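Residues per chain are reported as follows:
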Amino acid sequence: MNPPLMMSIAAVERDTGLSKDTLRIWERRYGFPNPARDRQGERCYPVEQVERLRLIKRLLDVGHRPGRIVQLPTDDLQTLADRSADAQGLGRMSPAGRSRLETAPTWAPGAIVSMPAHADETWVGPCLALIDQHDHHGLHRHLRHAVASLGLLSFVTAVATPLLALVGDGWLRGRFQIAQEHWVSQLVQQVLQGGLSTLPEPLPQQAPRVLLTTLPGEPHALGVLTVEVALAVWQAQPINLGAQTPLWDLVHACAAHRADVVSLGFSSAAPATLIQDLLPELRAKLPASVAVWVGGRHPMLARRPVPGVTVLGDLSALQEALLRWRQGRLAPARAVPSPEGD
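Basis of the calculations
- Residues numbered from 1 in each chain as written.
- Predicted model: local features only at pLDDT ≥ 70, side-chain atom pairs only at ≥ 80, totals over all residues.
- Heavy atoms only, no water.
- Helix = DSSP H or I, 4+ residues; strand = E, 2+ residues; numbered from the N terminus.
- Buried < 20%, exposed > 50% of the residue type's maximum accessible area, 1.4 Å probe, protein only.
- Areas by Shrake-Rupley, 256 points an atom, 1.4 Å probe, with all protein chains shown as cover.
- 1 Å grid on protein atoms, 1.4 Å probe; cavity = no way out; pocket = protein on both sides within 12 Å on 5 of 7 lines; lining within 4 Å.
- Points joined across faces, edges and corners; volume = space filled by probe spheres on them.
- Nonpolar A, V, L, I, M, F, W, Y, C, P; charged D, E, K, R; others polar.
- Pairing = 2+ DSSP bridges.
- Right-handed = clockwise from strand over helix to strand, strands pointing away.
- Axes fitted to C-alpha atoms, helices over the stretch in contact; angles between N-to-C directions.
- Parallel < 35°, antiparallel > 145°, perpendicular 65-115°, else oblique.
- Left-handed = near helix turned anticlockwise from the far one by under 90°.
- Contact = heavy atoms within 4.5 Å.

### A closer look at the overall build of the protein chain
Thought 1: If you tally the helices and strands in the protein chain, you get 15 helices and 8 strands.
Thought 2: The buried share among the 342 residues of the protein chain stands at 47%.
Thought 3: Accessible surface for the protein chain amounts to roughly 16,900 Å². Of this, 52% is attributable to carbon and sulfur atoms.

### Structural notes on the layout of surface pockets
Taking a probe equal in size to a water molecule and rolling it over the atoms shows the remaining empty space.
Thought 1: In this structure, the second largest pocket spans a volume of roughly 580 Å³.
Thought 2: Around the second largest pocket sit 22 residues that line it, and Val 62, Gly 63, His 64, Pro 299 and Arg 303 are the ones nearest its centre.
Thought 3: Looking at the lining of the second largest pocket, the elements with two or more residues in it are α3 (47-61), α4 (66-69), α13 (272-285) and α14 (300-303).
Thought 4: Its residues assigned to classes, the lining of the second largest pocket shows 10 nonpolar, 7 polar and 5 charged.

### Re empty space enclosed by the protein
Thought 1: Counted according to the given criterion, the structure contains 1 cavity of 30 Å³ or more.
Thought 2: Considering only enclosed or pocket space, the largest cavity measures out at about 30 Å³ in volume.
Thought 3: Surrounding the largest cavity, Ile 275, Leu 279, Leu 301, Arg 304, Pro 305, Val 306, Val 309 and Val 311 form its lining.
Thought 4: Elements that contribute at least two residues to the lining of the largest cavity include exactly α13 and β8 (309-312).
Thought 5: Here the lining of the largest cavity is composed, by residue class, of 7 nonpolar, no polar and 1 charged.

### Re the pairing of strand β3 (residues 43-46)
Thought 1: On β3, burial covers both faces: Arg 43 and Tyr 45 on one face and Cys 44 and Pro 46 on the other are all buried.
Thought 2: Two strands pair when backbone bridges link them, and strand β1 (residues 6-8) and β3 are joined in this way by 3 bridges, in the antiparallel orientation. What sits directly across from Ser 8, in β3, is Cys 44.
Thought 3: Relative to β3, strand β2 (residues 36-37) runs antiparallel, the two being bridged by 2 bridges. Residue pairing for β3: Arg 37 is matched across the bridge by Arg 43.
Thought 4: The antiparallel hairpin formed by β2 and β3 contains 5 residues in its connecting segment, where Gly 41 sits at a positive phi of about 80 degrees.

### Considering the environment of Glu 201
Thought 1: Of note, Glu 201 is situated in the loop between α10 (178-196) and β4 (209-213).
Thought 2: Measuring from C-alpha to C-alpha, the distance between Glu 201 and Gln 235 comes to 9.4 Å, with 34 residues separating the pair along the chain.

### With respect to the pairing of strand β5 (residues 237-240)
Thought 1: Across 4 bridges, the pairing between β4 and β5 is parallel. Residue pairing across strands places Leu 212 opposite Asn 240, the latter belonging to β5.
Thought 2: The β-α-β motif built from β4, the intervening helix α11 (residues 222-233) and the parallel element β5 has right-handed crossover chirality.

### Side note on the packing of helix α1 (residues 9-16) against α3
Thought 1: Between α1 and α3, the least distance of the axes is 10 Å, while the angle of their chain directions is 40 degrees. One way to sum up the angle between α1 and α3 is to call them oblique. Crossing angle aside, the handedness with which α1 passes α3 is right-handed. Side by side, α1 and α3 meet where Val 12, Asp 15 and Thr 16 of the first sit next to Val 50, Leu 53, Arg 54 and Lys 57 of the second.
Thought 2: Here the residues of the contact of α1 with α3 sort into 3 nonpolar, 1 polar and 3 charged.

Spatial relationships are all this shows, so hold off on functional conclusions.
Below, the structure is given as C-alpha cells:
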C-alpha cells in the first residue's frame, strides 16, 4: 500500500498563499491544520488538509474571518464559499446556460458557475469551456473574434466584464485554479489594450478628465482598464495611472492633470481597510470640486458608503454618472455628445 502523499510546510505555503507563521498559529489556536511529523521532526501535511486550506484561503480573500471558518469541516466551507459567491451579485443562470455549462470542470467536479443576466452567452459560454480546457490560444482567438463581431464597448459589457466576474466566482467555488484566473485576466487585458489603441485620441475639449487607479494594497487593475475603455468610447478623457498609486501621489496627480474625477477600483479581495480608512482620507484630501467614483465587487462598498463618494455598480451606472456630471458641469459651448454605445 502506497503511503499517503504529504507536503512540507514550505510547499503548503507556496500552494495556498498562507504563511508558515499563520499555519503554526492556527495549529495552536484552532487545532487545524493537524500536520504529521517526518523523520526529522518537520511538519508535513496530508493533501486532504491542503485542499481544505485552499478553500479557507479563498474565503479569507472575500472577507471571512479565520476564527469563524478555520474549524469548519470541508463541506461547510464549500457551502459557505458558494453562498459568498452568490452574494457578490451574479445573476441566475438560464436553463440553456446551465445545460451548456454542466461540463466536467478541471478542478472541482460539479462546480457550476452562474451566468450573469447581462452576459452574451453565445460568446461567454465558449470562453468558459476554453478555460476549462486550458486552451490559452483558443481563448485569445475567441476574444478577438468577439471584439470584431460586437464592437469594443459591447465586448466590455457583454463579454469581458461578465467573464471576469464568472472566473472569479468559479475560483471561489473551486471550479477554476488561480493560474487560470491569471492567464484569463492577462488575455482580456491584451485584447482591451489592443482595442484602445484603435480609438482616436481625445480632443482637448472632451470632458470629464478622469484619473483611473487603485489604492495601495489593491493590485487588481483590470476593472480599471474596462472603465478606461468605456470612458474613451464615450468621449471622456481617461488617464490610467495603473495600480496601487500612493495616496499623496494620487492627490498630486489630480492637481497636475487638472482632473475632474478620480475613479477607483476595488476587487472582492481588496483589504477592507482601503475602504474603511484610505478612501475617506483620499476624499478629504481632494478638492470638493473633484468627484470620486468607485466600483468593483467588494461587498463593503455597498455596506459602508463613504460621504462624497459615488459607488457605481456596473458600466450602466458609470454611464449615468458621466451624463449627470456633464449636465451639471458643462456649459453649452463645451458640451460633448452624450454617451452612446459603439
